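Results of the structural survey
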Amino acid sequence: MAQGTSTQITGTVAFIKVNKQAAQGLDSCFFGLNPTGGGIGPELFILWQSTLQLEGQQYPTAGDWVLRNATMWMLRDAFLNQLPVTVYTDDQDSALVDVVQLGALP
Amino acid sequence: MGGDVGTATRSGGPQYARLKDLTGSGTELQATFQTMASLLESADFNASVTFRIREDQTFRSFTVSVADGTGKAAAEADPNADLEVITSAETWSEVASGSLSPLDAFVGGRLRMRGDLPVGVSMLTHLAGTSGRVQIC
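We now turn to the structure provided with this report. (Residues numbered from 1 in each chain as written. Chains lettered and ligands numbered in written order. Predicted model: local features only at pLDDT ≥ 70, side-chain atom pairs only at ≥ 80, totals over all residues. Heavy atoms only, no water.)

Comments concerning the interface of chain A and chain B
We apply this condition: Note on contacts: a residue pair qualifies if any of its non-hydrogen atoms lie within 4.5 Å across the two residues. Here the quantity called buried area is the total loss of accessible area, with a 1.4 Å probe, experienced by two parts when brought into contact, counted for both. In what follows, salt bridge is the name for a side-chain nitrogen of Lys or Arg lying within 4 Å of a carboxyl oxygen of Asp or Glu.
Facing 29 residues of chain A, the contacting portion of chain B comprises 32 residues. The largest contributions to the chain A side of the interface with chain B come from Ile40(A), Leu44(A) and Asp93(A), which together make up 28% of the buried area. Here chain A and chain B share 3 salt bridges between them. The shortest N-O distance in the salt bridge between Asp93(A) and Arg54(B) comes to 2.4 Å.

A closer look at the side chain of Thr86(A)
Residue and element names in this part refer to chain A. We count it as follows: Helix and strand assignments follow DSSP, with helices taken as H or I runs no shorter than four residues and strands as E runs no shorter than two, numbered in order from the N terminus. The cut-offs for exposure are 20% and 50% of the maximum accessible area for each residue type, with area from a 1.4 Å probe on protein chains only; residues under the lower value are buried, those over the upper are exposed, and the others partly exposed. Identification of polar contacts relies on pairs of N or O atoms within 3.5 Å, with a donor-acceptor requirement for protein atoms, meaning one able to donate a hydrogen and the other able to accept it, and with residues adjacent in sequence counted only if both atoms are side-chain atoms.
Topologically, Thr86 is positioned in strand 4 (residues 85-89). Overall, Thr86 belongs to the buried group, its relative accessible area being 10%. Polar contacts involving the side chain of Thr86 include one to the side chain of Thr10, which spans 2.7 Å. Excluding residues within four positions of it along the chain, Thr86 makes contact with Gln8, Ile9, Thr10, Val99, Val100 and Gln101.

Structural notes on helix 1 (residues 29-39) of chain B
Those residues of helix 1 of chain B not exposed but buried are Leu29(B), Ala31(B), Thr32(B), Phe33(B), Thr35(B), Met36(B) and Ala37(B). Buried residues along helix 1 of chain B sit in contact with strand 1 (47-55), strand 2 (58-67), strand 3 (70-74), helix 2 (89-96) and helix 4 (117-127) of chain B.

Let's talk about the packing of aromatic side chains
Where we set the bar: Under the pairing criterion, centres of Phe, Tyr and Trp rings, with the six-membered ring standing for Trp, must be within 6.5 Å; the plane angle then separates stacked pairs below 30 degrees from edge-to-face pairs above 60, leaving the rest tilted. Think of it as a cone above the ring: NZ of Lys or CZ of Arg counts as a charge over the ring if it is within 6 Å of the ring centre and within 35 degrees of the ring normal.
Counted according to the given criterion, the structure contains 6 aromatic pairs over all chains. Between Phe33(B) and Trp92(B), the aromatic rings sit 4.9 Å apart at their centres with planes inclined by 15 degrees, giving stacked as the arrangement. Of the two residues, Phe33(B) is situated in helix 1 and Trp92(B) in helix 2; the sequence distance between them amounts to 59 residues. Considered together, Phe33(B) and Trp92(B) belong to a single accessibility category, that of buried residues. Each residue in the set Phe33(B), Phe51(B), Phe62(B) and Trp92(B) is aromatic and connected to the rest through ring pairs, giving one cluster. Sitting over the face of the ring of Trp65(A), Arg68(A) holds its NZ or CZ atom 4.5 Å from the ring centroid. Positioned over the ring face of Phe59(B) is Arg52(B), at 4.5 Å from the centre of the ring.

Any functional reading would require information that these geometric values do not contain.
Printed below as a string of structure tokens:
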């Protein structure tokens, strides 16, 4: 789980957008979260964006793709059923998501 | 997908538009937002954007708005803003000077945004000082 100065936001999924332009190094997945308690509108988050990997010369592994797929399905279920999800970003100024949580931890 | 057609390569990714230099009348936060408000007076849209700028663990809020050709900058949040941008003072300094695209800051994990995202696209299109993509997704 993200630690330190990460941001934690809970809300419902407003949209999910997948860009599959992998050949151009532009494959990505963005989603919007309407914060619980209201606000001015959905916050935009990045589940993955390949250019970040490419600039670091680090290609996603098969394991990365399995996790991306699993996370996207969690978001899909949350979107369809309007379930609250909690996301943790890697920094307080960041929209890069480290953790997606569906449901409350005991 | 919208915005300008960017240059996408396997090594560099897309090129995002950077802002015009907003530091001409001073590098203080308020001065950069005042310059932004002035530049927006020629825009053909109305908008209100609140910027929450973090200095260490303290946030300062500024709102830039344009309505019917009149631009204003205020050192306070607008609860009815169309868009909210959250970033550090260090990152804003780079964005305001035109050396860092706000979209590069976003994909690099240095800026967050919430609200009416097309408003952000309109503002970046109007304030762009370089060519490049103005839309993130």
